[in-house]
Amino acid sequence: MSLNQPLADILARMAKMLDVLGEDAFKVNAHTRAARTFEGLADDVGTMSREQLLALQGVGPKLADKAIEFRTTGRIAEHDELATRVPAGVMDMMELPGVGPKTARVLWQEGAISDIPSLERAIADGSILTLPRMGEKSVAKIKESIAFRRANSQRLWLGRAHDVADVFIERLKAHHAVADAVAAGSLRRGRDTIGDLDILACLRESHLSDAAGVVECFRATPGVSSVLASGENKCSVRVSLAHDFGRWSRTHTAEGDGPSIQVDLRVTPPATWGATLLYFTGSKEHNIRLRERAIARGMTLSEWGLFAADGIESPPHTRGCTPIAAATEEDIYRALGLPFIPPEAREDRGEFEHLGPWRLIDLADIRAELHAHTKASDGSLTILELAEDAKRRGFHTIAVTDHSQSSAQAGGLKPDRLREHIAAVREANRHITGITILAGSEVDILSDGSLDYDDDLLRELDVVVASPHAALSQDPATATARLLRAIAHPLVHILGHPTGRLINRRPGLSPDIPALVAAARAHNVALEINAHWMRLDLRDTHTRAAIDAGCLIAIDCDVHEPSDFDNLAFGVTTARRGWVTPERCLNAWPADRLHDWLRSKGRG
Ligand code: DGT
Ligand code: CA
Ligand code: CA
Ligand code: ZN
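Here the structure is a predicted model, which is why all the values come from computation and not from measurement.

J.: Just to check I follow, could you spell out the pairing of strand S8 (residues 299-302) for this structure?
T.: One face of the sheet, then the other: side chains in a regular strand alternate in exactly this way. Residues Met-299 and Leu-301 line the buried face of S8, whereas the alternating positions Thr-300 and Ser-302 sit on a face that is not buried. Summarising the sheet, S8 and strand S9 (residues 305-308) pair through 4 bridges and their orientation is antiparallel. The partner of Leu-301 across the bridge, within S9, is Leu-306. Following S8, the chain reverses through 2 residues before pairing antiparallel with S9.

J.: Would you explain the coordination of the calcium ion (ligand 2) in this entry?
T.: The expected angle between donors at a tetrahedral four-coordinate metal is 109.5 degrees. At an octahedral six-coordinate metal it is 90 or 180 degrees. Around the calcium ion (ligand 2), the donor atoms from the protein are Asp-196 (O), Asp-196 (OD) and Asp-198 (OD), and they sit 2.2 to 2.5 Å away. Here the calcium ion (ligand 2) and the calcium ion (ligand 3) are spaced 3.7 Å apart, with Asp-196 acting as a shared donor.

J.: Which parts of the structure should I look at to understand the environment of Arg-291?
T.: As for its position among the elements, Arg-291 is in helix H14 (residues 284-296). Overall, the relative accessible area of 34% leaves Arg-291 in the partly exposed class. Each C-alpha atom of the pair Arg-291 and Arg-238 lies 31 Å from the other, and the pair is 53 residues apart in sequence. Each residue touching Arg-291, except ones within four places of it in the same chain, is listed here: Tyr-279 and Leu-301.

J.: Explain the coordination of the zinc ion (ligand 4) here, please?
T.: Within the first shell, the zinc ion (ligand 4) binds the protein through Glu-442 (OE), His-469 (NE2) and His-497 (NE2), at distances of 2.1 to 2.2 Å. When the donors of the zinc ion (ligand 4) are listed by position in the chain, the intervening gaps give E-x26-H-x27-H. Here the residue Glu-442 occupies a position in strand S12 (residues 436-444), and His-469 occupies one in the loop between strand S13 (463-467) and helix H19 (476-488), the gap between them amounting to 27 residues. Both residues of the pair, Glu-442 and His-469, belong to the buried class.

J.: What's the story with the site of ligand 1 in this structure? I'm lost.
T.: If you check the shell around ligand 1, you find 16 residues, and the closest are Arg-155, Ser-186, Arg-189, Gly-195 and Asp-196. With respect to ligand 1, the side chain of Arg-189 contributes an N or O atom lying 2.9 Å from an oxygen atom. Measuring from an oxygen atom of ligand 1, one finds a backbone N or O atom of Gly-195 at 2.8 Å. Relative to its free-state accessible area of 600 Å², ligand 1 is covered by the protein chains to the extent of 73%. Here the shell around ligand 1 is composed, by residue class, of 3 nonpolar, 7 polar and 6 charged. Per-domain counts for the shell around ligand 1 show at least three residues from each of domain 2 (156-268) and domain 3 (282-353).

J.: What exactly am I supposed to notice about the layout of surface pockets here?
T.: Over the atoms, a rolled probe matching the size of one water molecule traces out where space is still vacant. Considering only enclosed or pocket space, the second largest pocket measures out at about 470 Å³ in volume. Residue lining of the second largest pocket: 20 residues in total, with His-162, Leu-187, Arg-188, Glu-344 and Thr-573 positioned closest to the centre. If you list the elements that add at least two residues to the lining of the second largest pocket, you get helix H10 (158-173), strand S2 (178-183), helix H11 (185-189) and helix H22 (568-577). For the lining of the second largest pocket, a count of residues per class yields 10 nonpolar, 3 polar and 7 charged. Formed jointly, the lining of the second largest pocket draws a minimum of three residues from each of two domains, domain 2 (156-268) and domain 4 (363-600).

J.: Would you explain unusual backbone geometry in this entry?
T.: Comment: phi is negative for the bulk of residues other than glycine, and the bulk of peptide bonds are trans. The residue after Gly-282, namely Ser-283, is reached through a cis peptide bond having omega -5°. The residue Ser-283 is located in the loop between helix H13 (273-281) and H14 in this model. Located in the positive-phi region is Ala-112, a residue other than glycine, with phi close to 55°. You can see Ala-112 is positioned in the loop between helix H7 (101-111) and helix H8 (116-124). You will see that Asp-348, though not glycine, has its phi angle at about 55°, which is positive. One can find Asp-348 in the loop between helix H15 (329-335) and strand S10 (368-369). Its relative accessible area of 30% is what places Asp-348 among the partly exposed residues.

J.: Explanation requested: the packing of helix H2 (residues 25-39) against helix H4 (residues 61-73) in the structure shown.
T.: Helix-helix packing: each pair is described by the crossing angle between the helix axes and the interaxial distance. Packing of H2 against H4 brings their axes to within 11 Å, and their N-to-C directions diverge by 55°. In this view, H2 runs oblique relative to H4, as classed from their interaxial angle. The interaxial crossing formed by H2 with H4 has right-handed handedness. Where H2 approaches H4, its residues Ala-30, His-31, Ala-34 and Phe-38 are matched on the opposing element by Leu-63, Lys-66 and Ala-67. The residue makeup of the contact of H2 with H4, split by class, is 5 nonpolar, 1 polar and 1 charged.

J.: Before we go on, may I ask you to explain the pattern of salt bridges in this structure?
T.: A side chain of one charge can pair with a side chain of the opposite charge if their charged atoms are brought near each other. Counted by the stated rule, this structure contains 37 salt bridges. A salt bridge links Asp-348 to Arg-289; its shortest N-O distance comes to 2.8 Å. Placement of the pair is Asp-348 in the loop between H15 and S10 and Arg-289 in helix H14, with a sequence separation of 59 residues. A salt bridge links Arg-544 to Asp-548; the nearest nitrogen and oxygen atoms lie 3.4 Å apart. Placement of both Arg-544 and Asp-548 in helix H21 (residues 540-548) is noted, with a separation of 4 residues, approximately one turn of the helix. Judged by its relative accessible area of 16%, Arg-544 is buried.

Rules used in this analysis
Residues numbered from 1 in each chain as written. Chains lettered and ligands numbered in written order. Predicted model: local features only at pLDDT ≥ 70, side-chain atom pairs only at ≥ 80, totals over all residues. Heavy atoms only, no water. Buried < 20%, exposed > 50% of the residue type's maximum accessible area, 1.4 Å probe, protein only. Helix = DSSP H or I, 4+ residues; strand = E, 2+ residues; numbered from the N terminus. Pairing = 2+ DSSP bridges. Donors = N, O, S within 2.8 Å, 3.2 Å for Na, K, Ca; no water. Contact = heavy atoms within 4.5 Å. Near = heavy atom within 4 Å. Polar contact = N/O pair within 3.5 Å; in protein donor to acceptor, adjacent residues only side chain to side chain. Areas by Shrake-Rupley, 256 points an atom, 1.4 Å probe, with all protein chains shown as cover. Nonpolar A, V, L, I, M, F, W, Y, C, P; charged D, E, K, R; others polar. Domains from an automatic or database assignment. 1 Å grid on protein atoms, 1.4 Å probe; cavity = no way out; pocket = protein on both sides within 12 Å on 5 of 7 lines; lining within 4 Å. Points joined across faces, edges and corners; volume = space filled by probe spheres on them. Axes fitted to C-alpha atoms, helices over the stretch in contact; angles between N-to-C directions. Parallel < 35°, antiparallel > 145°, perpendicular 65-115°, else oblique. Left-handed = near helix turned anticlockwise from the far one by under 90°. Salt bridge = Lys/Arg side-chain N within 4 Å of Asp/Glu carboxyl O.

Shown next, in the form of structure tokens:
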């Protein structure tokens, strides 16, 4: 991954800290300017010499040294020192439009206001108006910013939202009146980000009058920061999460002033469970098509069930009508003349024209991991530890694909080191039974589309995953040409995280997807769905385009540490949203078929 953006981020943060601490304006500006330079840089700062750095606009010796310190150690000591002097809450305040470093300094130093909650209190009791710089107008602006931030908090990553949902579901399942509890909505459909969580609880037949008790149990879930609405059989709460400092690791629900998410609950009796589940799973667009279909067949569909249309305006469930179907989703689809449509396919993207039955890829189909890092580059496991872990998970194949030389910050291997590493992989493979360890590489696709090792070396590998890491702000035409060149390379098996996007962080490349998938099909290159919930790249719609074009798909965890294997479910979900079948997914093939296919590529 290119270091430009992370370096720009840390320098910009330093500028803010220096500013709020009241340091010299010249020093503040130097950091701001350098941050802007690194952000807009086409070359990767990780690969530049000190001389090249010094030649950049606004980069003097001190900033060049900081850039070098950052790429060698992953941190900047001065940043860490500043961070001990500026409270995290003060940094948060400066994210609010209307609160710049000068204002934040006044609030903090003169008003002892060091986070957003205390800022809100000072606004509420009017005490903020006694501070310098703080007039009615500027305070109104800050108040508005806080409200906007609350209303427009980002959609949460699937991985994070999933963990929050689990806390509620486990708790509800343990309640004596609850027969089953599930997440519906976008989480059940497996979208890459989640606006709010929709939890459904099904009552036991013997406890139909206990809905209020279930709501009570839901409200009291640890981590709930406020109750927005609460009724007989429904409830909405907010959960505040801890700050996500560890950007790649999942943090569990905790009280904090980090991002927050709304969680809705609906409690329903078993008789209408299927109708409620269908309705709250959505998508809204899918539901609309279902209702139209019902009407066209002389029926009406609601969250209460599928009923015969009788021309009476008031809803049938309020008149004691018996539904045609309501207990299960299968019953309702069947009554509408449809096969059961998997939740991930309920987006009104052609699913009604698909002739059933559906057989999308499942977690249990996955038997191989083809993208994994070891201690040789930036992973935390040895080759054997990695293989043992994969074997425990029931895999027949694990590919060791450490980074290539250009990914210096990720410990990419120089050619000689890769040769030694290949030998070590072969040695490990001789020592283990029950799983095959393949020697591979995650080779950087350089900005012009060439690969980071020469062909002789690539030919020694069993698996070549080619991925873009640097120059991710290239324009679409350049990005397309770059990726097409990599796909056309005869030794490439898999195109890794093709766009390089990071959800909620950076958009990544925007290549011409139809051109990309046509080339991948023609050159027999598999496209990766990187299963990390921060990536999910290919995304769902790109995956669907690949499937429609006849491409092969690889679903890989890009393992750096053991817990990364757990992200597989998110990759599979994304694959299902793209209608991937086991037949099209390398990781679902039997070992012989997979190994034969790998050997067939450009190797004779
Ligand atoms: P999100 O929360 O933005 O990630 O996306 P969803 O799909 O979870 O949307 P949400 O939470 O607003 O609603 C959950 C489901 O409830 C939605 O997928 C379908 C159903 N639903 C909500 N509002 C409507 C509506 O106005 N019409 C119909 N037909 N269904 C709705
Ligand atoms: Ca939702
Ligand atoms: Ca909702
Ligand atoms: Zn990568």
